[in-house]
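A structural walkthrough
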Amino acid sequence: MDDGRAGWPETVFAALKAADVRHMSYVPDAGHAALITRMSADPEIATHVLTTEEEGVAIAAGAWLGGVRSVILMQSSGVGNCVNMLSLPAMTRAPLLMLVTMRGEWAEFNPWQAPMSRATQTVLEAMGVRVLRADAPEDAAEAVSAAATMAYEADGQVAVLFGQRLLGRKTW
Amino acid sequence: MVKMNRREATAALLAARGDALVVSGLGSPSYDLHAAGDDARNFYLWGAMGGAALVGLGLATAQPGRAVIALTGDGEMLMGMGALATIGVAKPQNLSVVVLDNGHFGETGMQASHTGRGVDLAAAALACGFAEARTLTGLEEVRALAAPLAAPAAGPRLFVLRVAAEPLPRSLPARDAVFLKNRFRASLGLGVN
């Protein structure tokens, strides 16, 4: 079935390349699978798989200290794991770009996803992270491009939430 | 056996740092690094507990031609033990993690930590795929490590330095992380946004 959703990870990849992102770290999510594969195959992008999402926040700050633009991919549940580590980009005013795939908000079969889903945007904003959302496939790349400018050019801490409606129903 | 003084151990370890980049973890490791000599190539953390080794990984990835040393304590390394797995998989050849291990949570009342109760961080690092990981107990061993620490290795390394749990005068680096960031990046020829 091609409902127009299939191509959005490629457009996001192009937006990250245009922003000269050279590092990506991730805790996997099904919604990020295509982008993880695409970025991992790019010899110009170093990638690190994480045991928990907060590691990516620390690695991104280190990469920036060394002159490299980093992006972190995670699921909404992982945002909760990042909270205290978000002090690091806040205090250093170092660029932070997080791409977050949402669970628990649209056709969700697992009720355990709901609490952190409800808290995701609140928690990010409580720690000073600006939140942008993309709920339609055609908006994803533009949101990432805008967020990348705010992060890397303006020393911002920015998360883009990819709505679960964009990602589609999880096959169960 | 008398345990090492952490200030002497840190100074001995960094005596031949060359152009190595050093990240220090919150609390005593940041004071120890500052006491060994302030430097634009030092980045002192004052919070973000669990992050020092991983800031080191990001930096080592961005600057593959430079030796990177992450100086941390047992409490912080224990909080971020997943970092050992992440670094073990990443396999940077220019990253060394140095744990100043006094077996206690020194900033919060000297409660015994997990390493003080038998947890072996060097063994954990080896199990995670580090190229070298061992525990050093004497200053001579630390002095012998100073030169190899600044050189590339076969993969990531972790050294546990057994130091005394003793109160020392604080040696306070700047707390303004924006200043520290810009000073550090300028030392690498990187600009300010």
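A few points on the structure. Only a predicted model underlies this, so the values are computations on that prediction, with no experimental measurement involved.

1. Remarks on the overall build of chain B
When its secondary structure is counted, chain B shows eight helices and eight strands. At 15 Å, chain B has a C-alpha radius of gyration in line with the 16 Å of a compact globule built from 193 residues. Within the span of chain B, comprising 193 residues, buried residues form 50% of the whole. Within chain B, contacts between residues separated by at least 24 positions form 77% of all contacts whose residues are at least 6 apart in sequence.

2. Structural notes on the sheet that holds strand 1 (residues 23–26) of chain A
Picture the strands of a sheet paired through backbone hydrogen bonds; they go either parallel or antiparallel. All names here are of chain A. Strand order in this open sheet of six strands is 2-1-3-4-6-5, and the pairing throughout is parallel. Edge positions in the sheet fall to strand 2 (46–49) and strand 5 (130–134), since each has one partner strand and no second. Within this sheet the neighbouring strands show an average axis-to-axis angle of 20°, counted without direction. Pairing analysis gives four bridges linking strand 1 to strand 3 (residues 70–75), with the strands arranged parallel. Residue pairing across strands places Ser25 opposite Ile72, the latter belonging to strand 3.

3. Brief notes about the pairing of strand 5 of chain A
All names here are of chain A. One ladder, built from five bridges, connects strand 5 with strand 6 (residues 157–162); its direction is parallel. Looking across to strand 6, one finds that Arg133 is bridged to Leu161. Taken together, strand 5, helix 7 (residues 137–153) and strand 6 constitute a β-α-β crossover, and its handedness is right-handed.

4. Things to note about the packing of helix 1 (residues 8–18) of chain A against helix 2 (residues 33–40) of chain A
All names here are of chain A. Two elements in contact, helix 1 and helix 2, have axes whose closest approach is 9 Å; the angle formed by their N-to-C orientations is 45°. Classed by the angle they form, the pair helix 1 and helix 2 counts as oblique. The handedness of the crossing between helix 1 and helix 2 is right-handed. For the pair helix 1 and helix 2, the contacting residues are Pro9, Glu10, Val12 and Phe13 in the first and Ala34, Leu35, Arg38 and Met39 in the second. Residue classes in the contact of helix 1 with helix 2 are distributed as six nonpolar, no polar and two charged.

5. Examining the interface of chain B and chain A
Across the boundary between the two partners, chain B contributes 28 residues, which contact 30 residues of chain A. Mapped onto the side of chain B that touches chain A, the elements with two or more residues apiece are helix 3 (52–62), helix 5 (82–90) and helix 8 (177–187) of chain B. Tallied by class, residues from the side of chain B that touches chain A come to 16 nonpolar, 10 polar and two charged.

6. Some remarks on the packing of helix 1 of chain A against helix 7 of chain A
Residues and elements named next belong to chain A. It is the contact of helix 1 with helix 7, at a shortest axis distance of 8 Å, that shows an interaxial angle of 15°. Relative to helix 7, the element helix 1 lies roughly parallel. In this structure, helix 1 crosses over helix 7, and the sense of that crossing is right-handed. Every residue of helix 7 that contacts helix 1 at Trp8, Thr11, Val12, Ala14, Ala15, Leu16 and Ala18 is listed here: Pro137, Ala140, Ala141, Val144, Ser145 and Ala148. By residue class, the composition of the contact of helix 1 with helix 7 is 11 nonpolar, two polar and no charged.

7. Concerning unusual backbone geometry
Unusually for a residue other than glycine, Arg93 of chain A sits at a positive phi of about 50°. Along the polypeptide, Arg93 of chain A turns up in the loop between helix 5 (87–92) and strand 4 (96–101). We classify Arg93 of chain A as partly exposed; it has 16 C-beta atoms within 10 Å. Located in the positive-phi region is Ala48 of chain B, a residue other than glycine, with phi close to 55°. Following the sequence through the fold, Ala48 of chain B ends up in the loop between strand 2 (42–44) and helix 3. Taking the number of C-beta atoms within 10 Å as the measure of exposure, Ala48 of chain B has 27 and is therefore buried.

8. Section: helix 5 of chain B
Of the residues making up helix 5 of chain B, those classed as buried are Ala83, Leu84, Thr86, Ile87, Gly88 and Ala90 of chain B. Packed against the buried residues of helix 5 of chain B are strand 2 and helix 3 (54–65) of chain A together with helix 3, strand 4 (95–101) and helix 6 (121–127) of chain B.

9. Considering the sheet that holds strand 4 of chain B
Residue and element names in this part refer to chain B. On the basis of which strands lie adjacent, the open sheet formed by six strands has the order 2-1-3-4-8-7 and parallel pairing. Looking along the sheet, the strands with just one partner apiece sit at the ends: strand 2 and strand 7 (132–136). Averaged over neighbouring strand pairs, the angle between their axes works out to 15° when direction is ignored. In this structure, strand 1 (residues 21–24) lies alongside strand 3 (residues 68–73), joined through four bridges in parallel fashion. Residue pairing for strand 3: Val23 is matched across the bridge by Ala70. Sheet strands touched by helix 1 (residues 6–13): strand 3, strand 4 and strand 8 (157–162). Its angle to strand 4, the strand with the most contacts, is close to 165°. Most of the contacts of helix 3 go to strand 3, to which it runs at about 175°, and overall it touches strand 1, strand 3 and strand 4.

Rules behind the numbers
Residues numbered from 1 in each chain as written. Chains lettered and ligands numbered in written order. Predicted model: local features only at pLDDT ≥ 70, side-chain atom pairs only at ≥ 80, totals over all residues. Helix = DSSP H or I, 4+ residues; strand = E, 2+ residues; numbered from the N terminus. Rg over C-alpha atoms; globule rule 2.2 N^0.38 Å. Buried ≥ 20, exposed ≤ 12 C-beta atoms within 10 Å, placed from the backbone. Contact = placed C-beta atoms within 7 Å. Pairing = 2+ DSSP bridges. Axes fitted to C-alpha atoms, helices over the stretch in contact; angles between N-to-C directions. Right-handed = clockwise from strand over helix to strand, strands pointing away. Parallel < 35°, antiparallel > 145°, perpendicular 65-115°, else oblique. Left-handed = near helix turned anticlockwise from the far one by under 90°. Nonpolar A, V, L, I, M, F, W, Y, C, P; charged D, E, K, R; others polar.

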